[in-house]
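Observations on the three-dimensional arrangement
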Amino acid sequence: MTDLLALAYPWTKALHVMAVISWMAGLFYLPRLFVYHAERGQQGPEPVQSFRIMEEKLLRMIMNPAMVVSWVAGLALVLTPGIVDWTMVWPWTKAAGVLGMTWFHMWLAGQRKALLAGHGLTGRRYRMMNELPTLLMALIVLSVIVKF
Ligand code: HEM
């Protein structure tokens with residue numbers, strides 16, 4: 001099994017990076033949709049309906065599958081021999097960043113439902129929350145590239 005993981009390493013990493021790019025695209029874009037939904041949604045039922053469809057499709061068809069593939073390929077990389085040295089700092093900062101990113105995904109899924117029920121947050125709050133994935137991305141990329 002570990003031989004197979006070692007053999008597949010470049011392919012697993014390529015799959016991981018592709019999935020992560022798709023996941024991040026959604027994590028950056030969905031809160032922007034929430035900003036427009038919260039601020040322009042009062043202009044009538046038509047824009048609200050369009051926002052609801054866009055939010056649902058983005059979450060269900062892109063972000064959820066991309067998160068699952070990022071996790072599966074990422075854990076396969078963790079199990080690949082010689083890749084993660086847990087005595088170093090970077091695997092722990094990476095893990096913290098990834099857990100934070102997964103929490104943010106779940107928070108967005110909850111906010112989609114809240115907006116649907118008519119009690120979402122203000123556009124300003126969504127704008128502020130939009131900074132979180134940027135900070136986490138910086139932490140994760142520095143962890144895997146600089147490997148402190
Ligand atoms: C979902 C859970 C995740 C797990 C378990 C995980 C785990 C890993 C592991 C073990 C590696 C291999 C490092 C190496 O080859 O030296 C890796 C590579 C990488 N990860 Fe993740 N990761 C996850 C999510 C993410 C996220 C959210 C991002 C981006 C924000 C990301 C970006 C990267 C990048 C860019 C690489 C390639 C680094 C290189 O060129 O060596 N990962 N990941």
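Residues numbered from 1 in each chain as written. Predicted model: local features only at pLDDT ≥ 70, side-chain atom pairs only at ≥ 80, totals over all residues. Heavy atoms only, no water.

An unreviewed UniProt entry annotates the protein as Protoporphyrinogen IX oxidase originating from Paracoccus aminovorans. Listed under Sequence similarities (unreviewed entry) in UniProt, the entry text for the protein is "Belongs to the HemJ family." (UniProt positions renumbered as here; feature names shortened; annotations may be inferred.)

1. Concerning the overall build of the protein
Looking only at helices and strands, one finds 5 helices and 0 strands in the protein. Listing the helices and strands of the protein from first to last along the sequence gives α-α-α-α-α. The dimensions of the protein, computed from C-alpha atoms along their principal axes, are 60 × 25 × 20 Å. Out of the 148 residues belonging to the protein, those deemed buried represent 36%. Of all intrachain contacts in the protein linking residues separated by at least 6 positions in sequence, the fraction that spans at least 24 positions is 81%. One finds the centroid of the 13 positive side-chain charges in the protein at a distance of 4 Å from the centroid of its 7 negative side-chain charges. (Helix = DSSP H or I, 4+ residues; strand = E, 2+ residues; numbered from the N terminus. Buried < 20%, exposed > 50% of the residue type's maximum accessible area, 1.4 Å probe, protein only. Contact = heavy atoms within 4.5 Å. Lys, Arg positive; Asp, Glu negative; His and termini not counted. Charge placed at Lys NZ, Arg CZ, Asp CG, Glu CD.)

2. Considerations on the UniProt feature "binding site: heme" (unreviewed entry) in the protein
Those residues carrying the UniProt feature "binding site: heme" (unreviewed entry) are His16 and Lys94 in this numbering. Separation in sequence by 79 residues is not matched in space for these annotated residues, since their most distant C-alpha atoms are only 14.1 Å apart. Lining residues of the largest pocket, restricted to the annotated ones just named, are His16 and Lys94. As for its placement among the helices and strands, histidine 16 is situated in helix α1 (residues 2-40). The exposure class assigned to histidine 16 is buried, which follows from its relative accessible area of 13%. Relative to the elements of secondary structure, lysine 94 occurs in helix α3 (residues 90-116). With a relative accessible area of 19%, lysine 94 lands in the buried category. Setting aside residues no more than four positions away along its own chain, lysine 94 makes contact with His16, Ile140, Ser143 and Val144. (1 Å grid on protein atoms, 1.4 Å probe; cavity = no way out; pocket = protein on both sides within 12 Å on 5 of 7 lines; lining within 4 Å.)

3. A short note on the pattern of salt bridges
This model, assessed by the stated rule, comprises 2 salt bridges. Where arginine 60 meets glutamate 56, a salt bridge forms, and the shortest distance between an N and an O atom there is 2.6 Å. Note that arginine 60 and glutamate 56 are positioned in helix α2 (residues 45-79) at a spacing of 4 residues, about one turn of the helix. Residue arginine 60 is classed as partly exposed on the basis of its relative accessible area, which comes to 47%. (Salt bridge = Lys/Arg side-chain N within 4 Å of Asp/Glu carboxyl O.)

4. As for the site of the ligand
In the vicinity of the ligand lie 20 residues, with Tyr9, Lys13, His16, Lys94 and Lys147 positioned nearest. Side-chain polar atom of tyrosine 9 to an oxygen atom of the ligand: 2.5 Å apart, as the coordinates give it. Separating an oxygen atom of the ligand from a side-chain N or O atom of lysine 147 is a distance of 2.3 Å. For the shell around the ligand, the elements supplying multiple residues, two or more each, are α1, α2, α3 and α5 (131-146). In the shell around the ligand, the residues fall into 14 nonpolar, 3 polar and 3 charged. (Near = heavy atom within 4 Å. Polar contact = N/O pair within 3.5 Å; in protein donor to acceptor, adjacent residues only side chain to side chain. Nonpolar A, V, L, I, M, F, W, Y, C, P; charged D, E, K, R; others polar.)

5. Topic: α1
An α-helical turn contains 3.6 residues, so a residue and the one three or four places further along point in the same direction. Over its 39 residues, α1 runs 53 Å from end to end, which matches the ideal 57 Å to within 8%, given 1.5 Å per residue. At tyrosine 9, α1 is deflected by roughly 65°, the largest bend along its length, and proline proline 10 occurs up to four residues later in sequence. (Expected span 1.5 Å × (residues − 1). Bend = angle between axes of the 7 residues up to and from the residue.)

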